[in-house]
Amino acid sequence: MLLDHPPTLPREAADPAFRHDILAGLSRTPKATPPIWFYDQRGSELFEAITDLPEYYPTRTEIGLLERHAGELPGLIGRRRAVVEFGAGSARKTPLLLRAIDPAAYVPIDISGDFLQSSSAALAAAFPGLPVLPVVGDFLGDLALPSAIADLPRLGFFPGSTIGNMAPDAAVDLLRAIRRLLGEGSMLLIGMDRIKDPDRLIAAYDDSQGVTAAFNLNLLTRINRELGGDVPLDAFVHRAIWNDGKARIEMHLEAGRALDFHVAGRRFHMAAGETIHTESSHKYGMRDARLLLRAGHWDPVREWTDPEGLFSMILARA
Ligand code: AVJ
């Protein structure tokens with residue numbers, strides 16, 4: 001059953017934040033914009049397409065881990081919990097978790113209201129009798145859990161290596177915020193992408209079909225549409241690079257020539273070769289992942305990985 005409840009933000013609330021983040025990001029040196037703004041309707045669809053690409057191993061590897069090991073979860077998490085998912089819930093991962101642990105309620109939290117509404121409705125239909133309580137909001141900001149789960153122990157679910165979008169200091173802050181939000185006695189199931197051969201990493205973010213390029217460039221389309229911009233899309237090239245010092249893939253939009261454009265009535269200049277840094281995707285070694293969790297006030301209790309060690313899924317307790 002899909003339940004509506006008060007803590008849902010009005011849709012218009014996202015617009016000033018988008019405008020603010022993009023103007024601030026284009027004004028700084030080097031230019032950099034937050035990756036949360038990739039996910040308009042088209043961006044969410046393109047991301048779904050990315051997860052099916054032959055080069056993009058994280059999604060199918062994590063699904064494999066859930067298929068193989070979700071059956072071990074009931075014995076490790078003990079009580080019947082409310083699952084709080086950080087993200088809209090993927091049609092393929094969330095059911096594997098819910099089927100394995102039979103939770104008392106399911107609370108997906110996502111910034112994209114439309115996407116959240118459709119994925120929640122599909123999930124509620126697939127799990128009749130499960131209270132589904134979507135929350136629209138940015139889990140990096142302040143938000144409250146539905147009062148319906150006030151008395152239930154919680155299992156946080158943070159799949160997809162979404163934590164990788166944050167630099168380690170911000171990731172630690174987020175893990176601590178999740179710990180505070182979920183409370184004493186809660187647990188967390190989190191997916192993290194591993195450090196591996198750079199060629200394999202780069203291919204995953206610069207696929208041969210150009211879907212990731214379209215995903216990256218869609219940010220400019222959104223800027224032009226929603227902020228009245230005249231950014232010349234055809235002047236930009238998608239770049240994915242491995243930053244070894246920071247153990248992260250970086251996505252950039254590189255200006256192929258010197259450019260002047262306008263966004264929300266403000267004028268911006270880019271030199272030829274200058275980039276807008278649109279996303280970082282941090283990767284963690286086995287020990288790095290555990291260290292990050294501990295710094296975030298979570299104690300790892302179990303870790304699962306695939307035979308190639310591409311991706312890991314870690315269960316931690318508060
Ligand atoms: C959703 C942040 C986990 O970093 O792999 C995929 C986003 N960007 N391809 C990732 C993404 C380009 C993805 N995360």
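Just so it is clear, the structure is predicted and the values come from calculations on it, not from any experiment.

The rules we used
- Residues numbered from 1 in each chain as written.
- Predicted model: local features only at pLDDT ≥ 70, side-chain atom pairs only at ≥ 80, totals over all residues.
- Near = placed C-beta within 6 Å.
- Helix = DSSP H or I, 4+ residues; strand = E, 2+ residues; numbered from the N terminus.
- Nonpolar A, V, L, I, M, F, W, Y, C, P; charged D, E, K, R; others polar.
- Buried ≥ 20, exposed ≤ 12 C-beta atoms within 10 Å, placed from the backbone.
- Pairing = 2+ DSSP bridges.
- Contact = placed C-beta atoms within 7 Å.
- Axes fitted to C-alpha atoms, helices over the stretch in contact; angles between N-to-C directions.
- Parallel < 35°, antiparallel > 145°, perpendicular 65-115°, else oblique.
- Core = buried A, V, L, I, M, F, W, Y, C linked by C-beta atoms within 7 Å.
- Expected span 1.5 Å × (residues − 1).
- Arc of directions from axis to C-beta.

> Can you help me understand the site of the ligand in this one?
Around the ligand, the surrounding shell consists of Ile50, Pro58, Gly160, Ser161, Thr162, Gly164, Asn165, Tyr205, Thr212, Phe215, Glu279 and Ser281. Where the shell around the ligand is concerned, the elements lending two or more residues are helix H9 (211-226) and strand E11 (275-282). Within the shell around the ligand, the residues separate by chemical class into 4 nonpolar, 7 polar and 1 charged.

> Is there a simple way to think about unusual backbone geometry in this case?
For residues that are not glycine, phi is negative in most cases, and the peptide bond is trans in most cases. Threonine 29 connects to proline 30 through a cis peptide bond whose omega is -5°. The phi torsion at aspartate 102 lies on the positive side, around 45°, for a residue other than glycine. Residue position: aspartate 102 is located in the loop between helix H5 (94-101) and strand E3 (105-110). Aspartate 102 gets classed as exposed once you count the C-beta atoms within 10 Å, which come to 11. Its identity as a non-glycine residue notwithstanding, alanine 247 has a phi of 50°, on the positive side.

> I would appreciate a short explanation of the sheet that holds strand E13 (residues 311-317) in the present structure.
Picture the strands of a sheet paired through backbone hydrogen bonds; they go either parallel or antiparallel. Here 7 strands make up an open sheet; going across it, the order is E4-E3-E2-E5-E6-E13-E12 and the pairing mixed. If you trace the sheet from one side to the other, it starts and ends with strand E4 (135-136) and strand E12 (299-305), each paired once. One ladder, built from 4 bridges, connects strand E5 (residues 154-158) with strand E6 (residues 187-193); its direction is parallel. When the sheet's bridge partners are listed, phenylalanine 157 is paired in E6 with leucine 189. Running over the sheet, helix H7 (residues 168-182) touches strand E2 (82-86), E5 and E6 and is turned about 150° from E5.

> Would you take a moment to explain the packing of H7 against helix H10 (residues 286-295) for this structure?
Each pair of packed helices can be summarised by the angle the axes make with each other and by the distance between the axes. Close contact between H7 and H10 brings their axes to 8 Å; oriented N to C, the two are set at 50°. Looking at the two axes, H7 sits oblique to H10. Contacts between H7 and H10 involve Pro168, Ala171, Val172 and Leu175 from the former and Leu292, Leu293 and Ala295 from the latter. Partitioned by chemical class, the residues of the contact of H7 with H10 number 7 nonpolar, no polar and no charged.

> Would you mind showing me how to read the environment of histidine 269 here?
Considering the arrangement of structural elements, one finds histidine 269 in strand E10 (residues 266-270). Histidine 269 sits 93 residues away from arginine 176 along the chain, and the two C-alpha atoms are 39 Å apart. With residues up to four places along the chain from it excluded, the contact list for histidine 269 reads Leu259 and Asp260.

> Is there a simple way to think about the nonpolar core in this case?
Taken as a class, soluble globular proteins show a tendency for nonpolar side chains to be buried jointly. In terms of nonpolar packing, the biggest core is built from 51 residues, with Val83 and Val107 touching the most fellow members. Apart from residues no more than four positions distant in its own chain, valine 107 is found in contact with Ala82, Val83, Val84, Glu85, Leu133, Val135, Leu145, Pro146 and Ile149.

> Any chance you could explain the environment of aspartate 138 here in plain terms?
Within the secondary structure, aspartate 138 sits in the loop between E4 and E5. Classification of aspartate 138 as partly exposed rests on a count of 16 C-beta atoms within 10 Å. Each C-alpha atom of the pair aspartate 138 and lysine 283 lies 22 Å from the other, and the pair is 145 residues apart in sequence. In this structure aspartate 138 touches Ile36 and Ile111, once residues within four positions along its chain are discounted.

> In this structure, what is going on with H7? I would like to understand it.
Owing to its 3.6 residues per turn, the α-helix aligns residues three or four sequence positions apart on the same side. A rise of 1.5 Å per residue sets the reference length of H7, with its 15 residues, at 21 Å; its end C-alpha atoms lie 21 Å apart and thus fit the reference within 8%. Turning to H7, its buried residues number three or more, namely Ala171, Leu175, Ile178 and Leu182. The arc that holds the buried residues of H7, viewed along the axis, is 60°, so those residues lie on one side. More than 90 degrees from the buried face of H7, the exposed residues found are Asp169 and Arg180. On the buried face of H7, the contacting elements are E2, E5, E6 and H10. Two residues or fewer past H7, glycine 183 is found with a positive phi of approximately 90°.

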